[in-house]
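# Structural overview
For reference, the chains in residue letters:
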Amino acid sequence: MGDVLAGIHATWEFESDALVIRFERGNRNTPRLFGALRERRVPHEALASVTLTPGKRGTVVLHAVPRPGADPLMEAAAGQLKETCDPYRLVLPADRETLAEYYRDELRALLPRDVTAGVGDSGEGHDDDVAVMPTDGFLVAAPTGPLSFKTYDGRASFDGMSEIAFRWSWTGASSEKWKAGDQTFSVRELSGVEWRSPEILDGYLRLVPRDGAPRPAQPDRDPASVVFGLGYGPVHESLPFAAAVLAAIRGKDRVPVAVAAGAADAARRDPGAVADRIRHLGDLHRAGLVTDEEFSAKKAELLAEL
């Protein structure tokens, strides 16, 4: 175990090859995102620089700046996180500034010199300024949960490895989504994830297919997206979800295509799953979203899967 620096809402542990960030839980003043993340291990090569700046109300802020492409959480967030929810900021009482300076310098000395930005406290360069190079792949592990959350128009779930599912709600989903039916997406068919914070108007999570096919302009009409709305898809649930999906899409250790296809075939043959889909089809029929002919044809198709 390395040295430990305890701050407000989080603790930094300095290991020989990584910075381990552990977040406080159970305190109502702690951002809920931190509670969901619990702990993050950040290899030194994932960091671009470390800064120390004055904070608010008699505090200082030690900030480890990740390299572009190093952390799926920050990539999915795309700059939308509030400053107070940045998991790489450690807030300390101002009287611990000298100690914070020591650890800032110690951590800086461990960063690979060919990737560090060399940014000083004032924002100006120090020593040898070196351009920050993006990473070839994610160096920080994606959050492990939550992998399911409720949205305004349904529920999103991810098996953590190969499949994402959207299940529409009767009250929130658009007619376009109801007609398309519940959706299941294979990670291997996706090229990315778009996350728009629920704290911003019209927040949503949208899956980007590899085939580049045309998509509805509005997420609420796109079966490859879920929309948040007031009180739905909070940051601490939807952002870790988006990061986990993004890491799976870009990960090198994907499930082989044959395995994923076999799992999908097994799911389709599951009598319970088929019954659920038939009930869902009946809801669409009663709502007038599918015709009698469409209902009969699709029901026959589902029964043939058994």
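One structure accompanies this document, and this report is about it. (Residues numbered from 1 in each chain as written. Predicted model: local features only at pLDDT ≥ 70, side-chain atom pairs only at ≥ 80, totals over all residues. Heavy atoms only, no water.)

Once that is clear, we can look at the overall build of the protein. Regarding its fold elements, the protein presents eight helices and 14 strands. Within the protein, the proportion of its 306 residues that are buried is 44%. The long-range share in the protein, meaning contacts at least 24 apart out of those at least 6 apart in sequence, stands at 58%. For the protein, the accessible area works out to roughly 15,800 Å², and carbon and sulfur atoms hold 51% of it. (Helix = DSSP H or I, 4+ residues; strand = E, 2+ residues; numbered from the N terminus. Buried < 20%, exposed > 50% of the residue type's maximum accessible area, 1.4 Å probe, protein only. Contact = heavy atoms within 4.5 Å. Areas by Shrake-Rupley, 256 points an atom, 1.4 Å probe, with all protein chains shown as cover.)

Considering only enclosed or pocket space, the second largest pocket measures out at about 450 Å³ in volume. In terms of lining residues, the second largest pocket is bounded by 19 residues, among which V61, E83, T84, R89 and V91 are the most central. For the lining of the second largest pocket, the secondary structure elements donating two or more residues are β5 (47-54), β6 (59-66) and β7 (89-93). When its residues are assigned to classes, the lining of the second largest pocket shows seven nonpolar, seven polar and five charged. (1 Å grid on protein atoms, 1.4 Å probe; cavity = no way out; pocket = protein on both sides within 12 Å on 5 of 7 lines; lining within 4 Å. Points joined across faces, edges and corners; volume = space filled by probe spheres on them. Nonpolar A, V, L, I, M, F, W, Y, C, P; charged D, E, K, R; others polar.)

The biggest cluster of nonpolar side chains holds 60 residues, and the ones touching the most others in it are W12, I164, F166, L205, L207 and L239. Setting aside residues no more than four positions away along its own chain, L205 makes contact with F149, F166, V193, E194, W195, A224, S225, V226, F228, S238, F241 and A242. (Core = buried A, V, L, I, M, F, W, Y, C linked by side-chain atoms within 4.5 Å.)

Read across the open sheet, the four strands follow the order β8-β9-β10-β11; overall the sheet is antiparallel. Each edge of the open sheet carries a strand with a single partner, namely β8 (148-151) and β11 (183-186). Strand-to-strand twist of the sheet, defined as the mean angle between neighbouring strand axes without regard to direction, takes the value 15°. Judged from the four bridges that link them, strand β10 (residues 163-168) and β11 form a sheet pairing that is antiparallel. Across the sheet, the residue bridging to E163 is S186, located in β11. The strands touched by helix α5 (residues 235-250) within the sheet are β8, β9 (154-158) and β10, with β9 carrying the most contacts at an inclination of about 45°. (Pairing = 2+ DSSP bridges. Axes fitted to C-alpha atoms, helices over the stretch in contact; angles between N-to-C directions.)

Quick look at the environment of A247 now. As for its position among the elements, A247 is in helix α5. A sequence separation of 107 residues divides A247 from V140, and the C-alpha atoms of the two residues are 9.7 Å apart. Excluding anything up to four places from it in sequence, A247 contacts P72, F138 and A142.

Once that is clear, we can look at α5. When the terminal C-alpha atoms of α5 are compared, their 22 Å separation across 16 residues agrees well with the 22 Å that a helix rising 1.5 Å per residue should span. Extensive coverage of α5 is indicated by the burial of 14 of its 16 residues. (Expected span 1.5 Å × (residues − 1).)

Looking now at the packing of aromatic side chains. In the structure shown here, the tally under the stated rule is 11 aromatic pairs. Seen from their ring centres, W12 and F14 are 6.3 Å apart, and the 70° between their planes marks the pair as edge-to-face. Here W12 falls in the buried class, since its relative accessible area comes to 0%. Consider the rings of F14 and Y103, whose centres lie 4.7 Å apart with planes at 10°: the pair is stacked. Within this pair, whereas F14 is found in strand β2 (residues 10-14), its partner Y103 is found in helix α3 (residues 97-110), the two being separated by 89 residues in sequence. In this structure, F14 and Y103 share a single accessibility class: buried. One aromatic cluster in this structure is built from W12, F14, Y102 and Y103. (Phe/Tyr/Trp six-rings, centres within 6.5 Å; stacked < 30°, edge-to-face > 60°.)

Remember, this is a structural readout, not a statement about activity or role.
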